[in-house]
Amino acid sequence: MKDRIKQIIEKMTLEQKAAQLTQISYANVTKEQAEMWAKRGVGSFLHVIGDEAKRLQDIAVNSGNIPIIFGIDAIHGHCLNRNATVYPSQLSMACSWNIELAERIARETAQEVTTDGAHWVFAPVLCLARDIRWGRVDETFGEDPYLTGELGAAMVKGYQGEDNSVTTSVAACAKHFIGYGEATGGRDSYDSEITYRKIKDTFLPPFEKAIDAGCATVMTAYGSIDGTPCTADDTLLKDILRGECGFDGLTVTDWANVDHLVNTHRCYENTVEASIAALNGGNDMMMFTAGFYDAIISAVKQKRVQESALDTAVEHILRVKQRFGLLDSPYKNTDKSVLTCVEHIKTAKEIAEESVVLLKNDGLLPIDKKSKIAVIGENATDIRAQYGDWTYFTHPTPNYETKPVRPYVTLLEGIAARAKAGYELGCHVLGEADDGEIQKAVELAKNSDVIIFAFGDNVKISGEWHDLGKCEPTSSQQKLFDALCAVGKPIISVMIASKPLCIPQIAERSNALITNFNGGMFGGEAIAKAIFGEINPCGKLPITFPYHTGQQPCYYAQLLGWHGTKYQDLPEKPLFPFGFGLSYTSYSYTDVKFDEKNLKLSATVTNTGDRDGTEIAQVYFRDKVSTVLTPVKRLIAFKRVGLKSGESKSIEFEFTPKNFSFVNKAEKRVTEKGEFTIMVGGSSDDGDLTKLDFNIDKDYSF
Ligand code: GLC
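Residues numbered from 1 in each chain as written. Predicted model: local features only at pLDDT ≥ 70, side-chain atom pairs only at ≥ 80, totals over all residues. Heavy atoms only, no water.

## Re the pattern of salt bridges
By the definition in use, this model includes 42 salt bridges. Of the charged contacts, one joins Glu-182 and Arg-130 as a salt bridge, the two residues approaching to 3.0 Å between their closest N and O atoms. Here Arg-130 lies in the loop between strand S4 (120–121) and helix H7 (145–160) and Glu-182 lies in the loop between strand S5 (173–177) and strand S6 (191–192), a separation of 52 residues in the sequence. You'll find Glu-182 and Arg-130 in the same group, each marked buried. Between Arg-136 and Glu-139 there is a salt bridge whose closest N-O contact spans 2.5 Å. Both residues of the pair, Arg-136 and Glu-139, count as buried. A cluster of three or more residues bridged by salt bridges with shared partners is formed by Lys-349, Lys-369, Arg-418, Glu-525 and Glu-534. (Salt bridge = Lys/Arg side-chain N within 4 Å of Asp/Glu carboxyl O. Helix = DSSP H or I, 4+ residues; strand = E, 2+ residues; numbered from the N terminus. Buried < 20%, exposed > 50% of the residue type's maximum accessible area, 1.4 Å probe, protein only.)

## Notes on the site of the ligand
Surveying the vicinity of the ligand reveals 14 residues, the closest of which are Asp-73, Arg-136, His-176, Tyr-222 and Asp-254. Contact distances for the ligand include 2.4 Å between an oxygen atom and a side-chain N or O atom of Tyr-222. Take Asp-254: an N or O atom from its side chain is 2.6 Å from an oxygen atom of the ligand. Considered on its own, the ligand offers 310 Å² of accessible surface; in the complex 96% of this is hidden by protein. Across the shell around the ligand, the residue classes break down as seven nonpolar, two polar and five charged. (Near = heavy atom within 4 Å. Polar contact = N/O pair within 3.5 Å; in protein donor to acceptor, adjacent residues only side chain to side chain. Areas by Shrake-Rupley, 256 points an atom, 1.4 Å probe, with all protein chains shown as cover. Nonpolar A, V, L, I, M, F, W, Y, C, P; charged D, E, K, R; others polar.)

## Structural notes on empty space enclosed by the protein
By rolling a water-sized probe across the atoms, one finds the places where empty space is left. Taken as a whole and judged by the stated rule, the model has two cavities of 30 Å³ or more. Taken as a whole, the largest cavity spans an internal volume of roughly 40 Å³. In terms of lining, the largest cavity is formed by Ala-129, Arg-130, Asp-131, Ile-132, Glu-143, Ile-543, Thr-544, Pro-546, Gln-552, Cys-554 and Tyr-555. Tallied by class, residues from the lining of the largest cavity come to six nonpolar, two polar and three charged. If you add up the space inside the second largest cavity, you get close to 30 Å³. Taken together, Leu-126, Cys-127, Leu-128, Ile-178, Gly-179, Tyr-180, Gly-181, Phe-203 and Phe-207 form the lining of the second largest cavity. Tallied by class, the residues present in the lining of the second largest cavity amount to seven nonpolar, two polar and no charged. (1 Å grid on protein atoms, 1.4 Å probe; cavity = no way out; pocket = protein on both sides within 12 Å on 5 of 7 lines; lining within 4 Å. Points joined across faces, edges and corners; volume = space filled by probe spheres on them.)

## What to know about the pairing of strand S20 (residues 613–623)
Of all eleven residues in S20, nine are buried; the element is thus mostly enclosed. As judged from the six bridges shared by S20 and strand S25 (residues 674–681), these two strands associate in the antiparallel manner. Counterpart to Phe-621 in the pairing with S25 is Ile-678. (Pairing = 2+ DSSP bridges.)

## Regarding a nonpolar patch on the surface
Among the surface-exposed residues, Leu-559, Leu-560 and Leu-629 lie close enough to one another that they form a single nonpolar patch of about 290 Å² accessible area. If you trace the backbone, Leu-559 turns up in the loop between helix H21 (523–531) and strand S18 (587–595). (Patch = residues over 30% accessible without salt bridge, like charges linked within 9 Å, V, L, I, M, F, W, Y side chains within 5 Å.)

## So, the layout of surface pockets
If you add up the space inside the largest pocket, you get close to 980 Å³. Of all the secondary structure elements, the ones that give two or more residues to the lining of the largest pocket are H7, helix H8 (196–203), helix H9 (205–212), strand S21 (634–643) and strand S23 (662–663). Tallying contributions element by element places H8 first for the lining of the largest pocket, with five residues. A breakdown of the residues in the lining of the largest pocket according to their chemical character gives 18 nonpolar, five polar and 17 charged.

## Quick look at a negative patch on the surface
Taken together, Glu-100, Glu-103, Glu-162 and Asp-163 make up a surface patch of like negative charges. On the basis of relative accessibility, which here comes to 30%, the residue Glu-103 falls in the partly exposed class. (Lys, Arg positive; Asp, Glu negative; His and termini not counted. Charge placed at Lys NZ, Arg CZ, Asp CG, Glu CD.)

## Quick look at the sheet that holds strand S11 (residues 286–287)
Here we have five strands laid out as an open sheet, ordered S4-S3-S2-S1-S11, and parallel in their pairing. Each edge of the sheet is formed by a strand with only one pairing partner; in this case those strands are S4 and S11. One ladder, built from three bridges, connects strand S2 (residues 44–46) with strand S3 (residues 69–72); its direction is parallel. Bridge assignment links Phe-45 to a residue of S3, and that residue is Phe-70.

## A short note on the packing of helix H6 (residues 99–114) against H7
The interhelical angle for the contact between H6 and H7, taken along N-to-C directions, is 35°, at an axis separation of 7 Å. As for the relative orientation of H6 and H7, their crossing is right-handed in sense. Between H6 and H7, the residues in contact are Ile-99, Ala-102, Glu-103, Ile-105, Ala-106, Arg-107, Thr-109 and Ala-110 and Glu-150, Leu-151, Ala-154, Met-155, Lys-157, Gly-158, Tyr-159 and Gln-160, respectively. Grouping the amino acids of the contact of H6 with H7 by side-chain chemistry returns nine nonpolar, three polar and four charged. (Axes fitted to C-alpha atoms, helices over the stretch in contact; angles between N-to-C directions. Left-handed = near helix turned anticlockwise from the far one by under 90°. Contact = heavy atoms within 4.5 Å.)

Written as structure tokens, this is what we have:
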């Protein structure tokens, strides 16, 4: 492979190399410009699919150029194509804690995107969502590095397949490197005030797992780490990513990052300086900074940068193209029968059901299908809210008015298909509360046995560029809820949203509360099935629900040292903890043992209720004395355990000393000898965990 690639590079002109490092957004250029880039030998286009992608590839190949690699954002299915399967968002699917399903979703997504000629998906997102003010929480697997790494690595394998070169395999992209979700104040693309030690300890592990899974590409984040833009940070992209993690694929900047170095970060005077910094920083492909092409050519001619630096980047790109078969067969399969095929629909339903999280139930659920039901709130019918971001409604340009394509099932449709005594759709409350609509809803509620109140957010107030200072239901939703509470009928509140909202009042006053965030095509149906008891909810939260936006940071892996341990005007605990989720049955953990010599944990999990179910057993640990502060607990394993009513199963976990490690002040990963605690149970809350102390009798460094 290297010989062939070296030979190709030797024959390339400086201009062809500069073009190969360029990625053009098809949605932002004219057809003529796109053709010009194809003739010039552009390395990649993003967001062009189908016949147009093939036409551009034909132009490139017929011009004697290296085939173009087409990239697309397929974060929860090939959602930019209206006929594709829309799976739950990453945050939603993370509620299932189902690694096998995550891999299957990615495999099926790869099959669907390749029918449109795409070779590369800009997924999985491996950012950690530890501040819900950030607009892009929905794209993550939540707050935890271990869960994110397990699900992310599974999706990498799914996207890339066993054989990368076949027509249904695509290159995956671990993004955004790095610490993007940790931007101060949850502000999208703002500076992350973290150290390289913190990066290596907390934010790098998911990327390490993705790289170990063979991830072919990494995307450089928009933001900056302690004032250095990620795009210009060779410590990040060369020393850490390639040197320490052994990454050997291609790096691509995020959207116009080279331009941002000049116009946003104002770290470089002009595009030439910024292009030199981006290339020297360790970026191989520059997403949509068209000026990079001329800038880097002139930089080489001015001897400001060695042409060999371009050769290195071109080599990284060609290796990926070779690995995914492009150099031999530039076209992917075009059999569109796989789009929303029976198998993929089945997967989308399965994951939607496993991602339903029951947050509260005073015994009201499951309800009888003969109940007279008032379904009230716009998120019961808004498929855009149910889908969330990164679908054909939102990208490559917002198209909210686009007519949605079946199949899909909203919450109302899911209820309607099951309710025997009928149901009535309540009001659509959008924008400021309309008293007339609220009055209609109240009348409906008065004539019902039970109210289903559907609330949450929508794609107009979430996503990139849409951070929130108050992560709460809209004032009109709150006003509607208050009016419904006054009716005095039982209320089932359903949250369909891109992130945890701060809902202590709704949680307090509802008889039941249930969510699956953005559940995809069948998210509404899955919640309806849970409400009627057709399924037993088994989802667990991958992210903490703060009591109030101001309570953050309140992710479970907290450090010690806070004088007072709480804000004086808020409770100490969050509203719902990481790993939490109820069921229509109950589970117990007994016979918990830890063999400290072999680092083996065993326990017996029993279904103590009268319904079959699946428990997600979680294992955390604590290092009781460490030379830098380490969290009060950290997730290091989990297992989904299917249990019939009354059934018991023994579960076992085997660990190595590295599972109990952290990154020390010298930025080395170590496990220090001393006292530890291991914990197992059904959530991260201490009340749900059985704890055992143990000792590690020597130091380890990795
Ligand atoms: C966007 C996002 C990134 C996406 C890219 C291409 O701005 O930050 O996640 O892959 O641009 O659409």
